[in-house]
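For reference, the chains in residue letters:
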Amino acid sequence: MRGPLGAVIGSYTSSDGVTQMGGGIIKHNRKCRDITALVIFIAFWIAMIVNSSFGFNQGNPLRNMINRRLTYGLDYKGNVCGDKHAHPGLGELELRYWQNPNQVYQTGLKDSQFKLVDARSICLLDCPIPSDDSLEWVCDYPEGDIRLSMEDWINRNYNYYEFLTPEMRNSSLQLQGPCYPVIFPSVNVYWSCQFIARASNTSLKHWEQMGGVSINEDIVNDKSIHKSINSRSAVLKRYMADIGKAWPVLIVCGGILPVFLSVIWLMMIRHFVAAMPWITVVLFNLLIISVTMFFYIKAGWIGNDAISPIIGEHDPYINVFGRELTHLRAVTVLMTAISVVAILTSIAIVRRILMATSVLKVAAKVIGEVQALIIFPLIPYAILAVFYMFWTSAALHLFSSGQIVQNNCNSNCCTYDLVAKRVNCDRCCGYSIHYTPHIGISILFHLFGCYWATQFFVASSSTVVAGSVASYYWAQGETSPEIPFLSVFSSMKRFMRYSIGSVALGSLIVSFVESIRFLLESLRRRLKVSSHVHDSWIGKAAYQSSQCFLRCIDWTIKSVNRNAYIMIAITGKSFFTASCIATDLIMNNILKIGRLNVIGDVILFLGKLCVSLSSSVFAFLMLDTHKYSSGHNKTSSPLFPVVVCWALGYTVATLFFAVVEMSIDTIVLSFCQDSEEHQGTAQYAPPLLIETLGNQNEMNRLTQGSQ
């Protein structure tokens, strides 16, 4: 059994013989804890800086070049389309176009070893369209004996066939360049020219009359390019590019707006505590329905504003399907299910709203006395904002840090070399951005670092708030010169001096468990080949049980950590000791405070969701403007920026709502400890707390509810 906390709770005699009581108690007898975890945390930050430096050194320093690497393709010389510093300069030539239709066809065959990345491609200003009365050509970049500037070449629609020698013309008719016929219509799909399977009869007829080799007409031409554009790596790169393009949306909807809404919510808790649970529940239902409707609109299930992979104007009869739309529709279905469950749950807890009101009154009282609690979250918010800006920039550099290398395709893909003035069959393979294994490890470490740092900053803020509220409690709720502002800064000082290692350890445990969950889920998806196991009821039951078990562990660890931070702030103990004290307190008083705490946490959780969902709504509205729906700045899908804004909004709300959340939990745990130390009678509890928690009849009424 846990013994009394001695000098931590109750009075103690100082060195000058004077008996000390009240808020000074939590300052007594402290020393640094969990030094090993602190050393690991410092080493982690050094590793994060080194890892980010690698990304900054290897990635392109220009933001627009990062977006090009993530969005645009490579030509047959290894140049990134749109790169004005390339040779030749590709300034506004941002679209990748595959010149040889037979190579595209070959890459789509099941048994073919030839890949689309090795097919000959160049960068153009727009996608070529076959002519109705003649045969159009797309020729290589002008060089050698072709005395044309890049500007003249563009003005001639990339066609200088009339300048070719007989040898060059014969090579072109063999589909070996330097000019290639435009047989298939094409459309700009995510900055690559997607072939439309149907060939132009007129162009094909002219080509055959000129003696050109046979050109394969098949849906394979369409599917080959479509498969490449919608590969998982290509979609991931576009999602990352969306973050780079939509950074103003992230700042406004993920940074500024959540702060404003969170402060407004705290102020309303302070002045309209009785109405806030009802306002929160109603607003949550309206917001989740609004977000779900936005998803339905962008998925194309309501209205005609569905996202399209096609960039710019095009024939309305052309329909190209992108993986982004599939993801959006899957999230729409998920949001529908979540909305139904959320609305039904909110209806079910209406009877318990009175319980939340009683609990929030205590938090409102604390916020009114410890006034600095309202503005304190701005400090961790500012630190976290700087970290996120640094982390996002480093992440974009890491994703664009691959080396452009020529493939080893071992294929016979002869082409005419304008400089050598002959057909060249050597080194005709295409180029790819190659990511070495250490780059992949760097990206994974960078993602883990973001999660750990976020957990640490949130936990640090919660611990400081808990320490300040504990000062209020052990001063018996009386207003003293220290309470309004200095208690927050005193708590911050104690945290920085004694408990930073303990918080680092707790946040590491949460991050580690979450990472294991993510890796196990990824492994499960990769091992889905044994579908007969999942089809059996035993396999399904085992899978559902394992998922439920992991979620329970995750929830338990987060709950234990939060209460451990409170006891760290009160007692100054190490993380595991504080966890044991908190767990013991909760288990001894679970019937008294369990359901009361749960309903308060539900209202606070709904409040966080209100802030994050509001961020999502405004993100949808900003991304729906002309700036992000057309032109060079067009995002491939609103999904990723909206999800990031939701996550940022939830994180910011968590920082601010920790004031109320930790106030309630700290007061309740302090009340329980106070009661245990004094034979069931809390001596330090403020009058309002005694009125709320000390009245056994009232507690029974609140926890049992109406039958």
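What you are looking at is a predicted structure, and each value in this text was computed from that prediction instead of being measured.

What follows is about the packing of helix α10 (residues 276–299) against helix α11 (residues 323–348). With their axes 9 Å apart at the nearest point, α10 and α11 run at an angle of 160° to one another. By the angle between their directions, the pair α10 and α11 is classed as roughly antiparallel. Handedness of the crossing formed by α10 with α11: left-handed. Within the contact between the two elements, α10 uses V281, F284, N285, I288, I289, V291, T292, F295, Y296, K298 and A299 and α11 uses L325, L328, R329, V331, T332, M335, T336, I338, S339, A342, I343 and S346. Of the residues contributing to the contact of α10 with α11, the split by class is 15 nonpolar, six polar and two charged.

Mapped onto the secondary structure, P130 falls in the loop between β4 (121–124) and β5 (137–139). Here P130 falls in the buried class, since its relative accessible area comes to 11%. Spatially, the C-alpha atom of P130 lies 8.4 Å from that of T202, the residues being 72 residues apart in sequence. In this structure, P130 is in contact with V182, I183, F184, P185, S200 and S203, ignoring residues within four places of it in sequence.

As a further point, take the state of the cysteines. Tallied over the entire structure, the rule returns three disulfides. Here C81 connects covalently by a disulfide to C123, the sulfurs 2.0 Å from one another. The sign of the S-S torsion, about -80°, decides the handedness of the disulfide formed by C81 and C123: left-handed. Of this pair, C81 sits in the loop between α2 (63–71) and β3 (95–98) while C123 sits in strand β4, and the two are 42 residues apart along the sequence. On the accessibility criterion, C81 (0% relative accessible area) is buried. The disulfide partner of C127 is C193, and the S-S distance across this bridge is 2.3 Å. The sign of the S-S torsion, about -95°, decides the handedness of the disulfide formed by C127 and C193: left-handed. In this pair, C127 sits in the loop between β4 and β5 while C193 sits in strand β8 (residues 192–195), placing the two residues 66 residues apart along the sequence. Comparing C127 with C193 shows no difference in burial state: the two are buried. With no disulfide of its own, C645 lies 5.0 Å from the sulfur of C253, the closest cysteine sulfur.

Below, the discussion takes up helix α8 (residues 232–245). Between its terminal C-alpha atoms α8 stretches 20 Å, which fits the 20 Å expected from 14 residues at 1.5 Å a residue. Burial runs high along α8: eleven of the 14 residues are buried. Considered for burial, the residues of α8 that qualify are A234, V235, K237, R238, Y239, M240, A241, D242, I243, G244 and K245.

Approximately 950 Å³ is the volume found for the second largest pocket. In this structure, the second largest pocket is lined by 42 residues; those nearest its centre are L116, V117, S228, I229 and S231. Looking at the lining of the second largest pocket, the elements that each hand over two or more residues are α2, β3, α7 (219–229), α8 and β12 (431–434). Broken down by element, the residue count for the lining of the second largest pocket peaks at eight residues, all from α7. The residue makeup of the lining of the second largest pocket, split by class, is 19 nonpolar, 14 polar and nine charged.

In the predicted model, the chain carries a mean pLDDT of 79, and 80% of its residues have values of at least 70. Confidence drops under a pLDDT of 50 for residues 696–707, and excluding neighbours within four residues, the segment shows 20 contacts in the predicted structure.

Right, let's talk about unusual backbone geometry for a bit. Leaving glycine out, the prevailing phi sign among residues is negative, and the prevailing peptide bond configuration is trans. In the segment running from H87 into P88, the intervening peptide bond is cis, with an omega of 0°. With respect to the element layout, P88 can be found in the loop between α2 and β3. Non-glycine residue Y158 carries a positive phi angle of around 65°. With respect to the element layout, Y158 can be found in the loop between α4 (150–155) and α5 (166–173). The backbone of W191 shows a phi angle near 70°, a positive value even though the residue is not glycine. Relative to the elements of secondary structure, W191 occurs in the loop between β7 (186–189) and β8.

Burial along β4 is two-sided: S121 and C123 and I122 and L124, pointing in opposite directions, are all buried. By the bridge criterion, four bridges tie β3 to β4 in an arrangement that is antiparallel. Its bridge partner lying in β4, W98 is registered against S121.

So, on to the packing of aromatic side chains. One pass over the structure, following the stated rule, counts 31 aromatic pairs. Look at Y76 and Y141: their rings are 5.9 Å apart centre to centre, the planes differ by 20°, and that puts the pair in the stacked class. Pair noted here: Y76 is in the loop between α2 and β3 and Y141 is in the loop between β5 and α4, with a separation of 65 residues, a long-range link. The burial state of Y76 is the same as that of Y141; both residues are buried. A connected cluster of aromatic rings, assembled from ring pairs, spans F41, F44, W45, F387, Y388, F445, F448, W452, F456 and F457. One Lys or Arg, R120, reaches over the ring of Y76 and ends 3.6 Å from the middle of that ring.

Calculation notes
- Position labels on residues start from 1 in each chain and follow its written sequence.
- With pLDDT at 70 or above as the cut-off, local features in this predicted model cover only qualifying residues; side-chain atom pairs require 80 or more to be listed or tallied, and sums for whole chains, interfaces and linings still use all residues.
- Water and hydrogen atoms were dropped before computing side-chain values, which therefore reflect all heavy atoms in the structure.
- Every angle, taken between N-to-C directions, lies between 0 and 180 degrees, and every axis is a line fitted to C-alpha atoms, over only the stretch in contact when it is a helix.
- Working definition: helices are DSSP H or I runs of at least four residues, strands are E runs of at least two. Numbering for both runs from the N terminus.
- The scheme is simple: roughly parallel for angles under 35 degrees, roughly antiparallel for over 145, roughly perpendicular for 65 to 115, oblique for anything else.
- Note: crossing handedness is left-handed where the near helix turns anticlockwise from the far helix by less than a right angle, and right-handed where it turns clockwise.
- Residue contacts are counted whenever heavy atoms from the two residues lie within 4.5 Å of one another.
- Residue classes follow a fixed rule: Ala, Val, Leu, Ile, Met, Phe, Trp, Tyr, Cys and Pro count as nonpolar, while Asp, Glu, Lys and Arg count as charged, and any other residue, Gly among them, counts as polar.
- Burial classes: relative accessible area under 20% of the type maximum marks a residue as buried, over 50% as exposed, and values in between as partly exposed (1.4 Å probe, protein chains only).
- By disulfide we mean two sulfur atoms from cysteines, separated by a distance within 2.5 Å.
- Take the residue count of a helix, subtract one, and multiply by 1.5 Å to get its expected span.
- Cavity means a closed set of points on a 1 Å grid over the protein atoms alone, one where a 1.4 Å probe fits but cannot get out, pocket means an open set with protein on both sides within 12 Å along at least 5 of 7 lines, and lining means a residue has an atom within 4 Å of a point.
- Grid points are joined across faces, edges and corners, and a volume is the space filled by probe spheres set on the points.
- Per-residue confidence from the predictor is given as pLDDT, running between 0 and 100.
- At least two bridges found by DSSP between two strands is the condition for calling them paired.
- Pairs were defined over the aromatic rings of Phe, Tyr and Trp, the Trp ring being its six-membered one, requiring ring centres within 6.5 Å. Orientation was assigned from the angle between planes: stacked under 30 degrees, edge-to-face over 60, tilted for the rest.
- Cation placement over rings: the criterion is NZ of Lys or CZ of Arg within 6 Å of the ring centroid and within 35° of the ring normal.

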